[in-house]
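# Topology and contacts: notes
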Amino acid sequence: MVYFYIILILAIVDLATDTEPNLNSLGWEELVALKRKISGELKELTDRIIDIDRNQFHSVTSSIKEQRSDLDAHTERLKQIRAEVEKHNANLMAISEKISQSKNFLSLMEARLPSEKEEELHATVQSNQALIDSKDYKSDREKNEILSRVKEASMKLEAIKATRTIKEQFVQLSQESANVANSIKRLDEERDSLRSKIGEINSTLDNLYDSKRKIAAERETHLSKYDNIAKQFDSINARLDSMAEMRRKQREEYGYNLPSDALFKVKEEARKKLEAGSKLSFEELKLLYGEKD
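Let us look at the structure shown here. Being a predicted model, the structure only gives us computed values, none of them experimental. (Residues numbered from 1 in each chain as written. Predicted model: local features only at pLDDT ≥ 70, side-chain atom pairs only at ≥ 80, totals over all residues. Heavy atoms only, no water.)

## Some words on the overall build of the protein
For clarity, the threshold we go by: The secondary structure listing takes helices from DSSP runs of H or I that are at least 4 residues long and strands from runs of E that are at least 2 residues long, numbered from the N terminus. Buried, partly exposed and exposed residues are distinguished by accessible area as a fraction of the type maximum, computed with a 1.4 Å probe on protein chains only: under 20%, between the cut-offs, and over 50%, respectively. Contacts between residues were defined by any pair of non-hydrogen atoms, one from each residue, lying within 4.5 Å. The accessible surface values rely on the Shrake-Rupley method and a 1.4 Å probe; as for residues, cover is taken only from the protein chains in view.
Along the backbone of the protein there are six helices and zero strands. Helices (α) and strands (β) of the protein occur, in sequence order from the N terminus, as α-α-α-α-α-α. Of all 293 residues assigned to the protein, the portion counted as buried reaches 29%. Considering only intrachain contacts with a sequence separation of at least 6, the fraction spanning at least 24 residues in the protein is 78%. Here the protein displays about 19500 Å² of accessible surface, and carbon together with sulfur accounts for 51% of that area.

## Let's talk about unusual backbone geometry
Phi angles above zero are rare outside glycine, and K135 is one such case at about 55 degrees. Its location among the elements puts K135 in the loop between helix 3 (118-133) and helix 4 (140-254).

## So, the side chain of S177
Residue placement: S177 occurs in helix 4. In this structure, S177 is in contact with L92, I95 and I99, ignoring residues within four places of it in sequence.

## Describing helix 3
Quick reminder of the rule: The span you would expect from a helix comes to 1.5 Å times its residue count less one. The directions considered for the arc are those from the helix axis to the C-beta atoms.
Here helix 3 contains 16 residues, and its C-alpha end-to-end distance of 22 Å stays within 8% of the 22 Å for a straight helix at 1.5 Å per residue. Those residues of helix 3 that fall on the buried side of the exposure criterion are L121, V125, N128 and I132. Taken around the axis of helix 3, the buried residues stretch over an arc of 85 degrees, which confines them to a single face. Residues of helix 3 that are exposed and point over 90 degrees away from its buried face: E119, Q126 and D133. Of the residues trailing helix 3, K135 is marked for its positive phi of about 55 degrees.

## Notes on helix 2 (residues 28-110)
Our working rule: We define the bend at any residue as the angle between the axes fitted to the seven residues before and including it, ending there, and the seven starting there.
Taking 1.5 Å of rise per residue, 83 residues should cover 123 Å, and helix 2 covers 117 Å from first to last C-alpha, within 8% of that figure. Of all the bends in helix 2, the greatest measures close to 40 degrees and is centred on I52.

## Describing the nonpolar core
The following threshold applies: Throughout, nonpolar core names a set of buried Ala, Val, Leu, Ile, Met, Phe, Trp, Tyr and Cys residues whose side chains join them through atoms within 4.5 Å.
If you look at the biggest cluster of nonpolar residues, it comprises 15 residues, and the most contacted ones within it are I64, L71, I81, L205 and I215. Taken together, the elements giving at least two residues each to this core come down to helix 2 and helix 4. Ranked by the residues each element gives to this core, the list is headed by helix 2, at eight residues. Setting aside its immediate chain neighbours within four residues, L205 contacts I64, Q67, R68 and L71. Grouped together as the second largest cluster of nonpolar side chains are 12 residues, L45, I229, A230 and I236 included.

## Description of the side chain of H222
By secondary structure assignment, the location of H222 is in helix 4. The exposure class of H222 is buried, given its relative accessible area of 9%. Residue contacts for H222: discarding those within four places in its chain leaves L45, R48, I49 and I52.

Pasting the structure below:
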């Protein structure tokens, strides 16, 4: 029994001077304090993980959804602009063809326009038509000459009217061409603006996805740390349960004279020696296998 107490005292001294204590070297109060500390760390990690799941992930995901919605809207508008520009270009080509035809017609007709004024030609038609209507002619030859003058003046009037109509049409076509060109210009400006916005959105999305990856990595780090600490927490609980059981046996067998947790620590040392293949004393064997005096 004396030998047992010597072993017990040496074990206590060795454990007290251990510079890097592990769970096996800690006493009850130290384990309880460590458990309290680790419990606080677990709560802190839990709060961080919950904050990531509820707040950070939600915020980044919402921002990504909003940016992608804007991106889809801008992309769809670009498709519409492309279709509108194609339609305007086709229209502009048709107008340009009509303008070209009008120019050719005017170039041809203006060289053949009569020297008489339109009012003079109207007067010629009216006066000669009056002669025909009143039959104020002496012979068929004179009648034909009068009709010829009416026809010639009427043809000149028609030429003047046709030229004026084509000129008006040319002005109208030129205005339409300008309007279509302005529409295409506005669409091009809108397209350039949308492309710039799409570039900014893509850059923002890259940053958001990068943030999401970093948050996910941070979450995994917290989870890994949580798992490791939780294992340590379970080990502490198991150690405390074992110590509590040993305390109960210690009090049953040796009363309350031994220092707190001393018997448990000596038994742990004996178990380690046995596992390492070292020789155990009779007292250590009794303690390890639970025999009484």
